[in-house]
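Here is how the chains run, residue by residue.
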Amino acid sequence: MSDLIVETRYGKVQGSKQGSISVWKSIPFAQPPTGQRRFRAPQPPEPWTGVREATAFGPRAPQEPGAMENIAGGADRAAELPPISEDCLYLNIWSPGADQEKRPVMVWIHGGAFTFGSASEPWYDGTSFAANHNIVVVTLNYRLGILGFVSLNDLAGEDAAYTGNCGLLDQIAALEWVRENIAAFGGDPDQVTVMGESAGAISIGTLLGMPAAHGLFQRAILQSGAGSDLTTRPRATQVAQALLAKLGLQTTQLSALADAPLEALLKLQPELGREFGGMLAYSPIIDGTTLPQHPSAMIAQGSAANVAILAGTNRDEWRLFALMSGGPKVDAEQLKQIFGEAAKAALAMYTQARADTSPELAWIDLMGDLVFRMPVIRLAEGQVRQGASVWMYRFDWESPAFFGGALGAAHVVEIPFVWNRLDTEIARRFTGDSPTRQLLADLMHASWAAFIRSGNPAIASLPTWLPYDLERRATMIFSDVAHVVDDPQGQVRALWKHVLPERDANEQ
């Protein structure tokens, strides 16, 4: 049998050669979540006979282009990506060879605010990890938006077998498929690292607290996200009720949702998002069953005590979102909602912490901490208390792209460095043509590969990088010159001591 034809538990698949490695695309890890399978947990794929061709990416999960997509290339880029379809539960594999060697495995969960994105983005190509670091790479799709995270449980009753966490259960189904099949592709099912960015990292932070995910991975890399900004079961039910009302359906007509036109659901998706707090409309749900409690509470009970963590954020996370909304400006009302009577003092402290003392850029720092940095630190602290190995980084490299450097070290800019895919058009859009790019990519890519192999990202070409703890808080700063800082921005970190625990409590 050709080494490009691999037998899975469900049937044979034939991949293709990509340089020195082998690639299989669009392997089904679940049945199409269509018809009566809408809003329900994924089911194992149906076996097939013969050899299934696996040489082209499968469809993306249903989604509408948003502001982020426009920045990334708009209609021209979308035309180069696979079409959307509800039949989207496929994964892709890059491997040095389908042999008996047990290589470490990395499973990538893409970001996109739980409403857009896919496993087939050009900068998620696993060639460099496979060819240069002997790692098997898996990327996967999962259900998004209404189809991935609207909960009908409390409207239909438990016996209807609906779940509001379809997207997360899709990820778990893919990880189960990896456990059962990856050895045939040259991977070791007992050396699995899950890696994700933004909503992908939020997914991983949530998987750390989900009983069904326990034991499916041994290491986790979280880039710009943690198990935060989740929603409650009652709030998720409100979203479902609003969806029914907009479709002109009664609670007694839930079964009609199986036949609702996909176009109608996608048209309603941004409208529901605006009404229910943006991403919170389609966030993972603390439903008491698939996710019994908030992930921070589950981690405190030891749900992921044996999982090594590499986690971090970008120095200017919020600049991307400010750019999409017309530029940085202080939102006094939101500031007061966060800090109450201490709002002015909090902004003043952030302003004084900047060399340029710009209140608008201080607001960028504050929002980045609220949404990204502090949730990541809270997750790291929880894992440290469980005795797990934790490593912290911060990405400080300032992109020259967009209006003479408006991005800085913004959200998503680190992705092509980690994947060593600076050659893609989307990477050039976000990083420009700086001569320092490739040196930093070589460093970060090798460090991430080291963690995937051993659970330790320290490499000889980096300064001494100690695990994160609650005293020193050592953090590797990735910039033109990599260096370690103890407790970076520590002067403002204490501001959040009493803020985020309250936010977490509200999500219980």
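Definitions and cut-offs
- Residues numbered from 1 in each chain as written.
- Predicted model: local features only at pLDDT ≥ 70, side-chain atom pairs only at ≥ 80, totals over all residues.
- Heavy atoms only, no water.
- Helix = DSSP H or I, 4+ residues; strand = E, 2+ residues; numbered from the N terminus.
- Expected span 1.5 Å × (residues − 1).
- Bend = angle between axes of the 7 residues up to and from the residue.
- Buried < 20%, exposed > 50% of the residue type's maximum accessible area, 1.4 Å probe, protein only.
- Contact = heavy atoms within 4.5 Å.
- Salt bridge = Lys/Arg side-chain N within 4 Å of Asp/Glu carboxyl O.
- Pairing = 2+ DSSP bridges.
- Axes fitted to C-alpha atoms, helices over the stretch in contact; angles between N-to-C directions.
- Polar contact = N/O pair within 3.5 Å; in protein donor to acceptor, adjacent residues only side chain to side chain.
- Core = buried A, V, L, I, M, F, W, Y, C linked by side-chain atoms within 4.5 Å.
- Parallel < 35°, antiparallel > 145°, perpendicular 65-115°, else oblique.
- Left-handed = near helix turned anticlockwise from the far one by under 90°.
- Nonpolar A, V, L, I, M, F, W, Y, C, P; charged D, E, K, R; others polar.

Colleague: Any chance you could explain helix H9 (residues 262-275) here in plain terms?
Modeller: Because an α-helix packs 3.6 residues into every turn, residues spaced three or four apart end up facing the same way. For H9, built from 14 residues, the straight-helix expectation of 20 Å at 1.5 Å per residue is met to within 8% by its first-to-last C-alpha distance of 20 Å. At Gln269, H9 shows its strongest bend, of approximately 30°, with the proline Pro270 following within four residues. All of the buried residues along H9 are Leu262, Leu265, Leu266, Leu268, Gln269, Leu272 and Gly273. For H9, the secondary structure elements touched by its buried residues are helix H4 (145-149) and helix H8 (233-246). At the exit of H9 stands Gly277, carrying a positive phi of roughly 80°.

Colleague: Mind showing me how you'd approach the pattern of salt bridges here?
Modeller: Any two side chains of opposite charge can pair, on the condition that their charged atoms come close. As enumerated under the stated definition, the model contains 20 salt bridges in all. Ionic pairing is found between Asp154 and Arg233, a salt bridge with its closest N-O pair at 2.8 Å. Here Asp154 is found in helix H5 (residues 153-156), whereas its partner Arg233 is found in helix H8, with 79 residues between them in sequence. On the accessibility criterion, Arg233 (13% relative accessible area) is buried. Sharing partners across several salt bridges, the network here consists of Arg315, Asp316, Arg354, Asp356 and Asp365.

Colleague: Before we go on, may I ask you to explain the sheet that holds strand E1 (residues 5-7) in this structure?
Modeller: Pairing between sheet strands relies on hydrogen bonds along the backbone, with the strands arranged either parallel or antiparallel. Taken in spatial order, the three strands make up an open sheet running E1-E2-E5, and their pairing is mixed. Strands at the two margins of the open sheet, each flanked by one partner only, are E1 and strand E5 (51-53). The average angle at which neighbouring strand axes cross in this sheet is 30°, direction not considered. Where strand E2 (residues 12-14) lies against E5, three bridges are found, and the strand directions are parallel. Bridge pairing in E5 links Lys12 to Val51.

Colleague: I'm lost on the sheet that holds strand E10 (residues 219-223) in this one. Help?
Modeller: Pairing is mixed in the open sheet, where 11 strands are placed in the order E3-E4-E6-E8-E7-E9-E10-E13-E14-E15-E16. Unpaired on one side and paired on the other, strand E3 (16-18) and strand E16 (483-486) mark the two borders of the sheet. This sheet shows a mean twist of 25° between the axes of neighbouring strands, independent of strand direction. Along the sheet face, helix H6 (residues 166-181) touches strand E4 (21-28), strand E6 (90-95), strand E7 (103-109), strand E8 (136-140) and strand E9 (187-197) and points at about 155° away from the line of E9.

Colleague: Would you explain the side chain of Asp396 in this entry?
Modeller: When you line up the elements, Asp396 lands in the loop between strand E14 (390-395) and helix H15 (415-419). In terms of polar contacts, Asp396 uses its side chain to reach the side chain of Arg394, at 2.7 Å. Apart from residues lying up to four places away in sequence, Asp396 is in contact with Arg315, Ala409, Ile477, Phe478 and Ser479.

Colleague: Any chance you could explain the pairing of E4 here in plain terms?
Modeller: On a regular strand, one side chain projects to one face of the sheet and the next to the other, so that they alternate. Extensive coverage of E4 is indicated by the burial of eight of its eight residues. Sheet analysis places E3 next to E4, joined by three bridges and oriented antiparallel. When the sheet's bridge partners are listed, Lys17 is paired in E4 with Ser22.

Colleague: Would you take a moment to explain the nonpolar core for this structure?
Modeller: Among the nonpolar cores identified, the biggest contains 110 residues, and Ile93 and Phe217 are the most heavily contacted of them. If sequence neighbours within four positions are ignored, Phe217 has contacts with Leu175, Val192, Val194, Leu207, Leu208 and Val307. Counting 51 residues, the second-largest nonpolar core is a separate cluster that includes Met195, Ala427, Ala446 and Ala482.

Colleague: Which parts of the structure should I look at to understand the environment of Pro96?
Modeller: Within the secondary structure, Pro96 sits in the loop between E6 and E7. Between the alpha carbons of Pro96 and Trp318 there is a distance of 38 Å; along the sequence they are 222 residues apart. For Pro96, the contacting residues outside a window of four places in its chain are Ser20, Ile21, Arg103, Ala130, Asn134, Ile135 and Val136.

Colleague: Mind showing me how you'd approach the packing of helix H12 (residues 332-339) against helix H14 (residues 359-385) here?
Modeller: When two helices pack together, their arrangement is given by the angle between the helix axes and by the axis-to-axis distance. Their axes nearest at 12 Å, the elements H12 and H14 cross at an angle of 45°. In terms of orientation, H12 and H14 fall into the oblique class. At the point where H12 passes H14, the crossing takes the left-handed sense. Contacts from Gln334, Leu335, Ile338 and Phe339 in H12 reach Trp363, Leu366, Met367 and Leu370 in H14. Here the residues of the contact of H12 with H14 are counted per class, giving seven nonpolar, one polar and no charged.

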